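Analysis of the macromolecular model
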Amino acid sequence: MFLLAAGKGLGGLLDVNPGLLIWTLITFLIVVVILKVFAWDVILKALDERAETIQNDIRKAADVRSEAEALLKDYETKIAAARDQASGIVAEAKSDATNLRNKLLDDAAKEVKSLKDGALKDIELAKSKALAELQGQIVDMTIQVAGLVLEKQLKADDYKSFIESELGKIRKLSA
């Protein structure tokens, strides 16, 4: 609307009025002087304080960041050490398990050998008993045969050689 008025010569916004221009400049200069006298130092001081606060905050943030990075490196070192320790524990556990397995296998082999040896001794003992019984039966049979031979009137030398040959045969069987 003002533009239309300016186009008709009614004093629009773009028209320059020298009196208004002078009073505007004077008002601006008075405001600048008042600001300079009363507020400029306060504003500059507040801005300087704000700048100093920001600089301190930046320094603190940098210090905190460097401290955080140091802590991170420390934690990473501790984590690496913990991983190494865990790997060592796992390796030790595997070694212990292998040693235990080998010990159990050795113990089992020793027990099997012991059982085998015991069984062989039992078999040998049973064999000895069986041979002793067999010898006893052979002696009984020899006595019966000797009785029969005596009935036929054999000589004592024949009887002795017969028993010795039979006992020799039995010894060969037991060996």
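Residues numbered from 1 in each chain as written. Predicted model: local features only at pLDDT ≥ 70, side-chain atom pairs only at ≥ 80, totals over all residues. Heavy atoms only, no water.

The cut-off we apply is this: UniProt positions are given in the numbering used here, feature names are shortened, and annotations may be inferred rather than shown by experiment.
An unreviewed UniProt entry lists the protein chain under the name ATP synthase subunit b, from Leptospira langatensis. The record in UniProt for the protein chain states the following under Sequence similarities (unreviewed entry): "Belongs to the ATPase B chain family."

**Digging into the overall build of the protein chain**
The cut-off we apply is this: A run of H or I in DSSP becomes a helix once it reaches four residues, and a run of E becomes a strand once it reaches two; helices and strands are each numbered from the N terminus. Each residue gets one of three labels from its accessible area relative to the maximum for its type: buried under 20%, exposed over 50%, partly exposed in between, using a 1.4 Å probe on protein chains only. The accessible surface values rely on the Shrake-Rupley method and a 1.4 Å probe; as for residues, cover is taken only from the protein chains in view.
From N to C terminus, the protein chain includes three helices and zero strands. Secondary structure elements of the protein chain, listed N to C terminal, follow the sequence α-α-α. The 175 residues of the protein chain split such that 5% are buried. Roughly 15,500 Å² of accessible area belongs to the protein chain as shown, and the carbon and sulfur atoms make up 65% of that amount.

**Points about the pattern of salt bridges**
Basically, it comes down to this: One speaks of a salt bridge when a side-chain nitrogen belonging to Lys or Arg is within 4 Å of a carboxyl oxygen belonging to Asp or Glu.
The full count for this structure, using the stated rule, is four salt bridges. A salt bridge links Arg65 to Glu69; its shortest N-O distance comes to 3.2 Å. In this pair, Arg65 and Glu69 are both assigned in helix 2 (residues 18–151), four residues apart and thus about one turn of the helix distant. Between Asp117 and Lys113 there is a salt bridge; the shortest N-O distance is 3.3 Å. Of the two residues, Asp117 and Lys113 both sit in helix 2, four residues apart, roughly one turn of that helix. Overall, Asp117 belongs to the partly exposed group, its relative accessible area being 30%.

**Description of the environment of Ile170**
As for its placement among the helices and strands, Ile170 is situated in helix 3 (residues 156–174). You can call Ile170 buried: its relative accessible area is 3%. In this structure, the C-alpha to C-alpha distance between Ile170 and Ile138, residues 32 residues apart in sequence, is 8.5 Å.

**Remarks on a nonpolar patch on the surface**
Using the following cut-off: Patch membership requires over 30% relative accessible area and the absence of a salt bridge. Like charges are linked within 9 Å, and nonpolar side chains (Val, Leu, Ile, Met, Phe, Trp, Tyr) within 5 Å.
Taken together, the side chains of Ile22, Trp23, Ile26, Ile30, Val33, Ile34, Val37 and Phe38 make up a nonpolar region of the molecular surface, amounting to roughly 840 Å² of accessible area. Secondary-structure assignment places Phe38 in helix 2.

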